[in-house]
Every structure is written in structure tokens, then in C-alpha cells.
Amino acid sequence: MMSRYITMLSFLLVGAASFIACESTPSDPNDNPASQQMSFKAGSSYEYTSYSTDPSTAEKISATERNRRLTLVNTSISAYGKTGVALYLDSILTLGGIVDVVDSVYLQQQAGTNDIFRYASVAPELDFSVIGEVDLGRDWMHEARLGSSSARWFVGSAKDTLAYDAGFPAVTTKGLELSVVDSVVASSVENLTIDGKQYATTKTTHNIRLSLTILLETEQFGQKITVPLEVKSVTLQRFSWISAELGAVVREEREGTVIDATVEFGGSQQGVNIPVPGYFSEMTQVISN
């Protein structure tokens, strides 16, 4: 019986890839909004606060809160295959007055369009630290279309495999594979108040699909094979607000969840419970623009 079960599952083998194309690209209605231009001004500087949220209650996890400052140091560079890229330095402001540069932010507006691209992970700030470090890589993502009220397009996909022991008898666990697919599903124009002033922003809604698969190694007819067991797939929403006037992403939110599932193999059952914290980031002050 187990042999027949393994034979059936062997047809579902997962191919390795760090960045893959989506099989069903959403149809982009492209409502052709009135032309808007991102205002990239060298020296522009903004302060942000960010934190993670509890995966069960969505409440703020105070221990994760940090303050940082984005400073636009170059308005038009060539980076990662694109030209006309705006480069922000992302720094943590510590209580001792020390500025620690931890990352950089790359934004680009596609020439002749309202389309904004960001060089980033397909799921920024996705936290799987309870089971291991996730490396989903970075690439150019179609983040938003300024002024759009109707948007739908495929953003990107990626996967990584974490060390993990499923605990099934007589088989070896090769890892837990995480697959992420990001698609934009909606867009609207909203006014946000930042540091006492209102700014028009484009709010873009993303659907993030997370799929977890346990990779087992067992023998069939004297040969070792990899058997993928899908744990569960969940869809989270991510929202981003971009201001053309400020030339920056001014707010981001992503839902959290608890991935709770029971996985069966060869007559045995194992429970999987993985908390995925949410994320929130908001511009709190315009230092200079």
C-alpha cells in the first residue's frame, strides 16, 4: 500500500528554482490613469516606524518596533538591469545617536508610464524565523501604477527550502519548501496624513500566496526518491501606499497568520504549526523634500 502511495506521489516531484514564472498571469485591465511623475529629489529624507504584528491577534509586537530614516542619495542610477533608478539609504536611528545603514531601497518609474517598480524580495519582511532563515532573493517587482483604480497583474514568485524534520518513521526529511507568489488584485487613490499634511497616494492591494511542502526522501524499488507532501497553502493580503509627490512608499501592511495543519504519510500523522507574523511600516515625518 505504501509503495502505491509513494508511486502516486512521485509524480508530484517539485523542481528546484529560485525565481519562477506564474502559470496563470492575471489579466491587467490597465485603466490608463492620468499621467503622474514620481518626484525624486536628491536629499529628500523621511522617518518611518515599523513593527511586526501577532500572527493570531494582529496586535502590535512592541519588541519588534524600530525607527529608521530613508534618505534619497541618488535620483537616477543604473542598477540591476534598470536605468533611471532612485536610490534611498535605509538607516536605523539608535538611541545613542548612531546611524547604522542596514539596507537600501531602489525605486524606478518606467519611462512613459505610471508603473512603479521596486527592487526587493517578493514578500518583504516575511518572517519565518521560528523555523529558520528564509532566503527568497530579490528582483524587480511591479509594485504599483500611480493613480490607478483598477489593477491586476502578476508580480513575482520565489521559493526556498528550510532545514526541517517532519518526524515520520523510516524516511528522511530533506527540508520544508516555502513557495511565495505575489499578484496585484486592486488599486485605488487615497489621501494619507503624514506629519500633519495630507498627501495623495496610490494604494495597491497584493495577494501573497504561501505554500508549504515537506520534502521526504525514501526508497522505491531500491532507489532513493523525493516525495513532496503539501502541508497547506494560505493567502495573505499586502497593501502599499505610494506618494508621487514625495517619491516614496509611505505605508505598508501585510497580514499575518498561523499555518496549522496535519500531514499524513504512510499511516502516520504529524502536526505542523508555524506562526507567520504580520508587518506594518508607516512614514511618520517628512524631514526634507
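Above this note sits the structure.
Residues numbered from 1 in each chain as written. Predicted model: local features only at pLDDT ≥ 70, side-chain atom pairs only at ≥ 80, totals over all residues. Heavy atoms only, no water.

1. Some remarks on the overall build of the chain
The test is simple: Every helix listed is a DSSP run of H or I at least four residues long, and every strand listed is a run of E at least two residues long, numbered separately from the N terminus. Surface accessibility in these figures is a Shrake-Rupley result with a 1.4 Å probe; residues are shielded only by whichever protein chains are displayed.
Counting its regular elements, the chain contains one helix and 14 strands. Summing over all exposed atoms, the chain offers an accessible surface of approximately 14000 Å²; the carbon and sulfur share of this is 47%.

2. Some remarks on the packing of aromatic side chains
The criterion, for reference: Note on aromatic pairs: the rings of Phe, Tyr and Trp (six-membered ring only in Trp) are paired at centre separations within 6.5 Å, and the planes decide the class, stacked below 30 degrees, edge-to-face beyond 60, tilted for the rest. Think of it in three bands: with a 1.4 Å probe and only protein chains considered, a residue is buried below 20% of the maximum accessible area for its type, exposed above 50%, and partly exposed in between.
On inspection of all chains with the given rule, the structure shows seven aromatic pairs. The interplanar angle of 65° and the centroid separation of 5.5 Å between the aromatic rings of Y119 and W140 together place this pair among those described as edge-to-face. Linking Y119 in strand β5 (residues 115-120) with W140 in strand β6 (residues 139-145), this pair joins segments that are 21 residues apart in sequence. For the pair Y119 and W140, one class covers both residues: buried.

3. Topic: unusual backbone geometry
A positive phi angle, close to 70°, is found at A58, a residue other than glycine. On the secondary structure map, A58 appears in the loop between β1 (45-53) and β2 (66-79). Even without a glycine there, the phi angle at D195 is positive, about 55°. Locating D195 in the fold gives a position in the loop between β8 (172-194) and β9 (197-220). Classification of D195 by relative accessible area gives partly exposed; the value is 48%.

4. Quick look at the pattern of salt bridges
Note the following rule: A pair is scored as a salt bridge if a Lys or Arg side-chain nitrogen falls within 4 Å of a carboxyl oxygen belonging to Asp or Glu.
By the definition in use, this model includes 14 salt bridges. One salt bridge connects E143 with R238, and the closest N-O pair in it is separated by 3.2 Å. Residue E143 is found in strand β6, and its partner R238 is found in strand β10 (residues 223-243); the two are separated by 95 residues along the sequence. Pair check on accessibility: E143 and R238 agree, each one buried. Taken together, the shared-partner salt bridges in this structure form one network comprising R118, E143, D182, R238 and E252.

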